[in-house]
Amino acid sequence: MATIAAGDTNSYPRRAEPVALPNWATVTDRAHMVQRTYMDSFGSRHSDTRPDAALIDAGYVDLARHAADHLGSNGQDALAATAGFDKPHQGGPQRIDRGYTAGGIAAAPEHVEVIDNEDTRAVSDHALLLFRFHRTRLERVLAQAQYELCAG
């Protein structure tokens, strides 16, 4: 089914990115560390990338990753940090806000941007994510999805 979903995931991308995952040995906010990590069966703590992994394995597309890989200059800053800018005690800036799509919509984005400036920081501790879609391609995908749903 055609889907666009975005939000604060409070977790990390599974695939390596320009912004390194936190070094948990240096994070002083222990409650934050416990919330953003998990313990494996051997007692080792890991950054929680499981939500991203589950969505990607289920066939969803991370819009920022897609933009960085396929949209050239229209996706060059898509993998920028979205939160944690003034929180070194929590591991510093990270890309925890993400958008995902399924059902063919990955063919429609034309620009993905993280907007981090004085205005966004004045109202939130998260950057603004901007996803711009090519209208005709999006309409085609949605029309096809609607036809497939009605055909059953």
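Residues numbered from 1 in each chain as written. Predicted model: local features only at pLDDT ≥ 70, side-chain atom pairs only at ≥ 80, totals over all residues. Heavy atoms only, no water.

1. As for the overall build of the protein chain
Part 1: Helix and strand counts for the protein chain stand at five helices and seven strands.
Part 2: Ordering the α and β elements of the protein chain from the N terminus gives β-α-β-β-α-β-α-β-β-α-β-α.
Part 3: Dimensions of the protein chain, computed from the C-alpha atoms along their principal axes, are close to 55 × 40 × 25 Å.
Part 4: Within the protein chain, the proportion of its 152 residues that are buried is 36%.
Part 5: Long-range contacts, defined here as pairs at least 24 residues apart, represent 68% of the contacts in the protein chain between residues at least 6 apart.
Part 6: A gap of 3 Å separates the mean positions of the 15 positive and 20 negative side-chain charges of the protein chain. (Helix = DSSP H or I, 4+ residues; strand = E, 2+ residues; numbered from the N terminus. Buried < 20%, exposed > 50% of the residue type's maximum accessible area, 1.4 Å probe, protein only. Contact = heavy atoms within 4.5 Å. Lys, Arg positive; Asp, Glu negative; His and termini not counted. Charge placed at Lys NZ, Arg CZ, Asp CG, Glu CD.)

2. Notes on the side chain of His126
Part 1: Position of His126 relative to the elements: it lies in the loop between α4 (118-123) and β7 (128-133).
Part 2: There is a polar contact of 2.7 Å between the side chain of His126 and the side chain of Asp97.
Part 3: If sequence neighbours within four positions are ignored, His126 has contacts with Asp8, Thr82, Ala83, Ile96, Asp97 and Thr120. (Polar contact = N/O pair within 3.5 Å; in protein donor to acceptor, adjacent residues only side chain to side chain.)

3. Brief notes about the pattern of salt bridges
Part 1: Here the structure, examined in full by the defined rule, presents 13 salt bridges.
Part 2: In this structure, Arg95 engages Glu17 in a salt bridge whose closest nitrogen and oxygen atoms are separated by 2.5 Å. Of this pair, Arg95 sits in the loop between α3 (63-70) and β5 (97-102) while Glu17 is found in the loop between β1 (3-8) and α1 (30-35), placing the two residues 78 residues apart along the sequence.
Part 3: Residue classification places Arg95 among the buried positions, given a relative accessible area of 2%. (Salt bridge = Lys/Arg side-chain N within 4 Å of Asp/Glu carboxyl O.)

4. Quick look at the confidence of the model for the protein chain
Part 1: Confidence in the prediction of the protein chain, expressed as mean pLDDT, is 93, and 95% of residues score 70 or more.
Part 2: Across the protein chain, the element-wise mean pLDDT spans from 78 in helix α5 (residues 135-151) up to 98 in strand β4 (residues 61-62). (pLDDT = per-residue confidence, 0-100.)

5. Considerations on α3
Part 1: Among the residues making up α3, those that are buried are Leu63, Ala64, Arg65, His66 and Ala67.
Part 2: Of the surrounding secondary structure, the elements contacted by the buried residues of α3 are β4, β5, β6 (109-115) and β7.
Part 3: Two or three places before Ala64, at the start of α3, stands the capping residue Asp62, its side-chain oxygen 3.0 Å from that residue's backbone nitrogen.

6. Observations regarding the environment of Asp48
Part 1: By the secondary structure assignment, Asp48 is in the loop between β3 (45-47) and α2 (50-57).
Part 2: Beyond its immediate chain neighbours, meaning those up to four positions away, Asp48 contacts Ser11, Tyr12, Arg36, Thr37 and Tyr38.
Part 3: In terms of polar contacts, Asp48 uses its side chain to reach the side chain of Arg50, at 2.9 Å.

7. Considerations on the side chain of Asp97
Part 1: With respect to the helices and strands, the residue Asp97 is situated in strand β5.
Part 2: Engagement of the side chain of Asp97 in a polar contact is seen with the side chain of Thr82, the distance being 2.6 Å.
Part 3: Once you skip the residues sitting within four places of it in the chain, Asp97 turns out to touch Gly7, Asp8, Thr82, Ala83, His126 and Leu129.

8. Details of the sheet that holds β5
Part 1: On the basis of which strands lie adjacent, the open sheet formed by three strands has the order β1-β5-β4 and antiparallel pairing. Single-partner strands in this sheet number two, and they are β1 and β4.
Part 2: Summarising the sheet, β4 and β5 pair through two bridges and their orientation is antiparallel. Opposite Val61, over in β5, you have Thr101 as the bridge partner. (Pairing = 2+ DSSP bridges.)

9. Describing the environment of Ala108
Part 1: For Ala108, the location among the structural elements is in the loop between β5 and β6.
Part 2: For Ala108, a relative accessible area of 0% gives the class buried.
Part 3: Residues Ala108 and His134, 26 residues apart in the sequence, show an inter-C-alpha distance of 5.4 Å.
Part 4: When neighbours within four sequence positions are excluded, Ala108 is seen to be in contact with Phe133, His134, Arg137 and Leu138.

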